[in-house]
Amino acid sequence: MEEKYRQPSLDMVRRTFTDHENADEAQIVVNLIEEIRCMKTYIPELELIMTDENDDVIGYVMFSKFHLGGKYMDELLLLSPAAVKTELQRQHISKELIEYGFEKAKEMGFKAVIVEGNPQNYRSRGFITSADYGIVAAESVGLPAVECLMVKELCENALEHISGIVEYTDYKSLK
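Residues numbered from 1 in each chain as written. Predicted model: local features only at pLDDT ≥ 70, side-chain atom pairs only at ≥ 80, totals over all residues. Heavy atoms only, no water.

**Concerning the pairing of strand β1 (residues 47-51)**
Step number 1: By the bridge criterion, 5 bridges tie β1 to strand β2 (residues 57-65) in an arrangement that is antiparallel. Counted as the bridge partner of Thr51 is Val57 from β2.
Step number 2: Count of turn residues in the β1/β2 antiparallel hairpin: 5 residues, of which Asp55 carries a positive phi of about 70 degrees. (Pairing = 2+ DSSP bridges. Helix = DSSP H or I, 4+ residues; strand = E, 2+ residues; numbered from the N terminus.)

**Considerations on the nonpolar core**
Step number 1: Ranked by internal contacts, the top residues of the largest apolar core, which has 33 residues, are Val13, Phe66, Leu68, Ile114, Ile135 and Val166.
Step number 2: Secondary structure elements with two or more residues in this core: α1 (3-20), α2 (23-37), β2, β3 (76-84), β4 (112-116) and β7 (149-153).
Step number 3: Residue contributions to this core peak at 6 residues, all from α2.
Step number 4: Formed by 21 residues, the second largest nonpolar core is a distinct cluster that contains Leu79, Leu97, Val115 and Leu154. (Core = buried A, V, L, I, M, F, W, Y, C linked by side-chain atoms within 4.5 Å. Buried < 20%, exposed > 50% of the residue type's maximum accessible area, 1.4 Å probe, protein only.)

**Concerning the environment of Asp132**
Step number 1: Relative to the helices and strands, Asp132 resides in the loop between β5 (128-129) and β6 (135-137).
Step number 2: On the accessibility criterion, Asp132 (60% relative accessible area) is exposed.
Step number 3: Taking C-alpha positions, Asp132 is 9.9 Å from Ser163, a pair spaced 31 residues apart along the chain.

Distances and angles like these do not, on their own, reveal function.
Written as structure tokens, this is what we have:
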């Protein structure tokens, strides 16, 4: 993430989430990005954007370190948020950003990625229901369905020793 794209990426994320959710939800997501940028879990090399020929931000994903009960911080990443400019969705922009993020994360030694969202949006990227691996959401997370919390191994058998409860207590913007 270059400095010149920090605000434009927030603006694009805000517009996208406002279009698909509402302005309040968009503000929560923007607050989350700004909060993660200030945390020890932030990895600048894994805050990724795609720009168009006019150098406008058209896609955004952020991977940051994540823990389960204080464990696995150097192995587990959270993919959140992901956004593509509304009029350019369904053109594989998020796919390219996410796949690039997987490669980079694996090179950096991370073992797995967790995401919360619509399973239809993430199954094709190799995500599966995290509960199948003993990674479950705390009641406070308020998942609409157990399938909405997913995980992807970046290397074979990475999740054999990783399990626990997903909580967002480290994030003020999600309380």
